[in-house]
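Structural description and commentary
Here is what each chain is made of, one letter per residue.
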Amino acid sequence: MKKYLLFILPIFLYSATFNDLIYSVQNNLLVKSKQEQTKALKKLLYAKKAKNYPFVDLKLNAIRLHDTPSSIFHIPGFNSPVPVGTKTNIDGAITIIYPLFTGFAITKSIEKAKLQIIKNQLETKELKRELYIKIASLYSGIYSLNQAIKASKEAKISIEASYKKAKGLYENGFINISNLYKIEAQKYEILSTIQSYIDRKKSLINNLFYITGIKTDVKKLPNIYLAYNENDFFAKALNQRSDIKAIKTELKIDKKDIALAKSKRYPKILLFGALKRTGDSFALDGNGFSNPDQSFIGASLSYNIFDGGEKNSEKQAAYAKRSAQILYLNDYERGIKRDIQNAASTLQTLKFQLKASAKQVDASKSYYKLTNGRFENSLASADILSRAIADLASAKAKHQNIKAKIFLQKCQIFLMAGNRYFLKNIR
C-alpha cells in the first residue's frame, strides 16, 4: 500500500489550480494575524462601551490601631484621657460612580473604536489583494520557467541529434574535431541552463508554498478575458478598493480625534453614591462613637480653566493630521488612475510583443531547419548550428514568457479594480 501511495502523493502535491491558490489566502498566517487583531479591537470596543455604564465597587477596610483613640478635655478636677474611638475599625461600602457628562468623550471614543475595527478589516482585505498579486506573479513565473525548461530540453534533443550526425561526418573526414567539440560544449551549456531554470523554479514553488501552504507545479495558464474601459475601472477602484476605503475610514477616525480634542473643553459631571456601614467588628453595627450607617450620595463638577494651551494644541494637531490625510488620499487616487493607464498601456505592448515573438519562433524554426540541412552538407559550421538551436530555444521560451506576463498583467489590472472584481473574473 505504501508503494502505491508514493505514486499517488505527487499528484496531490502538484494538482492545485490557480483558483485553489487564490482561495487558500484565507489560511495565510499574515491574514489570520490581521483577523486576530480585529478580534482584539472588538474587545477594546466593549471596554469603551463599558464606560457608559455606572462603576460599582465593593470595598472593605479593616484597621487595627496601636492605641485607642483618646482626647483630654480640660475640665477642672478631671484630666484623664477619654476614649473617642476604638482600636478596631472596619468599613464596608458599595460605591457607585456614574459619568453623567464627559463632553461627549465616551461617545466619540466608542465611535472611534468602531471605525478602527472597520479599518483593520479593510487592511485585511488589502493584505489579501497584495497576496493575490504575489501568487499571480509566482504562478506566471513557474509557468514561464516550465516552458523555458521544455524549450531547452527540445534544444538538448536537437543538439544530441546534431552531435551524432557531426560524429558521423567527422569519422568520414568531412569535418574536423573542433566542430564536434563546439556541439558538445553547446550541449553542456544547454544542460547548465536547464539546471538553472529548475533551481529557479524550485525557489518560486517554495515561495508559493510559503504564501498558500500548497506546493504545486504550473503546466498551463487560465484563460482570462479582460474587457477594459479606463473610466469604468477607475470608478470601480474608487468604490471597491479596500486600501482607498481604509484611508477614507482613517479620515473618519481623524474627525473623531478632533471631536475628542474638543470634548476636553467641556466640564465633567459625575454622580456618585455609596451604601456604607462602619463598626468595630465585621457585623458593621457601629463602634459606639459614630453612626453605623454612613451612606451618602453626591455630585461633582470639574472644569479646567487653564492648561498652558494643551487642549488647543491637540485640537490643531488633529486638524492638521486630517488635512494631511485628505491630501494623501487625493494623491493616492491620482496614483491609482496613473497605474491603471500604465497597466493598460503595458498590456497592449505585451500583446504586440506576443505577435512579434510568435513570428520570431517561426523564423527561428525555419532558420534551424535550413542551418541543419546546410550543416549536413558541410555548408555551415557547428558553431552556426549550435547558435541556431540555442536561438530557437530562446525564441520559444521568450514567447511563453510573454504569455505569462500577459496573464500576470491581466490579474494586476483586475486587482486594480478591487478584490471582488478580480475574484469574479478568475472563476
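As a starting point, this report considers the structure included with it. Throughout this document, residue positions are counted from 1 along each chain, in the order its sequence is written. Per-residue local features of the predicted model are confined to residues with pLDDT of at least 70, and side-chain atom pairs are confined, for both listing and counting, to 80 or more; whole-chain, interface and lining totals are unaffected and use all residues. The basis for the side-chain values is all heavy atoms of the structure; hydrogens and waters are excluded.

Secondary structure is summarised from DSSP: a helix means a run of H or I of at least four residues, a strand means a run of E of at least two, and numbering begins at the N terminus for each. With respect to the helices and strands, Thr278 occurs in strand E5 (residues 268-279). The criterion used for residue contact is that any of the two residues' heavy atoms lie within 4.5 Å. The residues contacting Thr278, other than those within four sequence positions of it, are Ile90, Asp91, Leu284, Asp285, Gly286, Ser290, Asn291, Pro292 and Gln294.

Before going further, it helps to examine the sheet that holds E5. Between any two strands, pairing holds if DSSP finds at least two bridges. Taken together, the 4 strands give an open sheet; going across it, the order is E1-E4-E5-E6, and neighbouring strands pair in antiparallel fashion. The sheet is open, and its two borders are formed by strand E1 (55-64) and strand E6 (296-302), each paired with just one other strand. Averaged over all neighbouring strand pairs, the angle between strand axes comes to 25 degrees, with direction disregarded. In this sheet, strand E4 (residues 88-101) lies alongside E1 in antiparallel orientation, the contact comprising 10 bridges. Within the sheet, the bridge partner assigned to Leu60 lies in E4 and is Gly92. In this analysis an axis means a line fitted to C-alpha atoms, helices contributing only their contacting stretch, and an angle means the value between N-to-C directions, from 0 to 180 degrees.

Take the nonpolar core next. Within the largest apolar cluster, 49 residues are counted, with the highest numbers of intra-cluster contacts made by Phe18, Ile22, Ile135, Phe233 and Phe422. Secondary-structure elements contributing two or more residues to this core are helix H2 (18-23), helix H4 (105-171), helix H5 (177-212), helix H6 (230-240), helix H7 (242-263), helix H8 (310-376), helix H9 (382-416) and helix H10 (419-425). Those residues in contact with Ile22, other than ones at most four positions away along the chain, are Tyr132, Ile135, Phe422, Leu423 and Ile426. Grouped together as the second largest cluster of nonpolar side chains are 22 residues, Ala155, Leu169, Tyr197 and Ala382 included. The term nonpolar core refers to a set of buried residues drawn from Ala, Val, Leu, Ile, Met, Phe, Trp, Tyr and Cys, joined through side-chain atoms within 4.5 Å. Think of it in three bands: residues with accessible area under 20% of the maximum for their type are buried, residues over 50% are exposed, and the middle band is partly exposed, with areas taken using a 1.4 Å probe on protein chains only.

At Phe104, a position not held by glycine, the phi torsion is positive, near 70 degrees. Counting through the fold element by element, Phe104 comes out in the loop between E4 and H4. Given the relative accessible area of 45%, Phe104 is considered partly exposed. Backbone geometry places Leu284, a non-glycine residue, at a positive phi of 50 degrees. Following the sequence through the fold, Leu284 ends up in the loop between E5 and E6. The exposure class of Leu284 is buried, given its relative accessible area of 15%.

So, about H6. Taken as a whole, H6 has its buried residues at Phe233, Phe234, Lys236 and Ala237. Looking straight down H6, one finds that the buried residues subtend no more than 160 degrees of arc, so they occupy a single side. Exposed side chains of H6 directed beyond 90 degrees from the buried face belong to Asn231 and Asn239. On the buried face of H6, the contacting elements are H7, H8, H9 and H10. The N-cap of H6, judged by a side-chain oxygen 3.2 Å from the amide nitrogen of Asn231 a few residues on, is Asn229. This arc is built from the directions going out from the helix axis to the C-beta atoms. Polar contacts, as counted here, are pairs of nitrogen or oxygen atoms within 3.5 Å of one another; within protein the pair requires one atom able to donate a hydrogen and one able to accept it, and residues that are adjacent in sequence qualify only if both atoms are side-chain atoms.

Opposite charge on two side chains lets them pair, provided their charged atoms get close. Salt bridges are counted wherever a side-chain nitrogen of Lys or Arg sits within 4 Å of a carboxyl oxygen of Asp or Glu. The full count for this structure, using the stated rule, is 22 salt bridges. In this structure, Asp243 engages Arg129 in a salt bridge whose closest nitrogen and oxygen atoms are separated by 3.7 Å. A residue pair is termed long-range when its members are at least 10 positions apart, and Asp243 in helix H7 and Arg129 in helix H4 qualify at 114 residues. Of the two residues, Asp243 and Arg129, both sit in the buried class. Lys236 is the salt-bridge partner of Asp232, the closest N and O atoms lying 2.8 Å from each other. In this pair, Asp232 and Lys236 are both assigned in helix H6, 4 residues apart and thus about one turn of the helix distant. Salt bridges sharing common partners tie together Lys34, Lys119, Glu123, Glu250, Asp254 and Lys321.

On to H5, then. Owing to its 3.6 residues per turn, the α-helix aligns residues three or four sequence positions apart on the same side. In a regular helix each residue adds 1.5 Å, so 36 residues correspond to 52 Å; H5 covers 53 Å between its end C-alpha atoms and thus fits that length. Those residues of H5 not exposed but buried are Asn179, Leu180, Ile183, Gln186, Ile190, Ile194, Tyr197, Lys201, Ile205, Leu208, Ile211 and Thr212. Where H5 is buried, its residues contact H2, H4, H8 and H9. At the C-terminal side of H5, Gly213 shows a positive phi close to 80 degrees. By definition here, a helix of n residues has an expected span of 1.5 Å times n minus one.

A few words now on a nonpolar patch on the surface. Here the term patch refers to residues with relative accessible area over 30% and no salt bridge, with like charges joined within 9 Å and nonpolar side chains (Val, Leu, Ile, Met, Phe, Trp, Tyr) within 5 Å. Methods summary: accessible areas were calculated by the Shrake-Rupley approach with a probe of 1.4 Å, and residue burial reflects only the protein chains presented. Among the surface-exposed residues, Val56, Leu58, Ile94, Ile96 and Leu275 lie close enough to one another that they form a single nonpolar patch of about 510 Å² accessible area. Looking at the nonpolar patch, the elements that each hand over two or more residues are E1 and E4. Among the structural elements, Ile94 can be located in strand E4. We classify Ile94 as partly exposed; its relative accessible area is 38%.

Moving on, we get to the packing of helix H3 (residues 29-50) against H4. Put simply, H3 and H4 touch, their axes get as near as 9 Å, and they point 175 degrees apart. Between H3 and H4, the angle is such that the two are roughly antiparallel. By the convention adopted, Pro, Cys, Tyr, Trp, Phe, Met, Ile, Leu, Val and Ala count as nonpolar, Lys, Arg, Asp and Glu as charged, and the other residues, Gly among them, as polar. The residue makeup of the contact of H3 with H4, split by class, is 10 nonpolar, 8 polar and 7 charged. For this classification, under 35 degrees means roughly parallel, over 145 means roughly antiparallel, 65 to 115 means roughly perpendicular, and everything else is oblique.

Once that is clear, we can look at the packing of H6 against H7. It is the contact of H6 with H7, at a shortest axis distance of 6 Å, that shows an interaxial angle of 50 degrees. For the element pair H6 / H7, the angle class is oblique. For the pair H6 and H7, the contacting residues are Ala237, Leu238, Asn239 and Gln240 in the first and Ser242, Ile244, Lys245 and Lys248 in the second. Of the residues assigned to the contact of H6 with H7, the class counts are 3 nonpolar, 3 polar and 2 charged.

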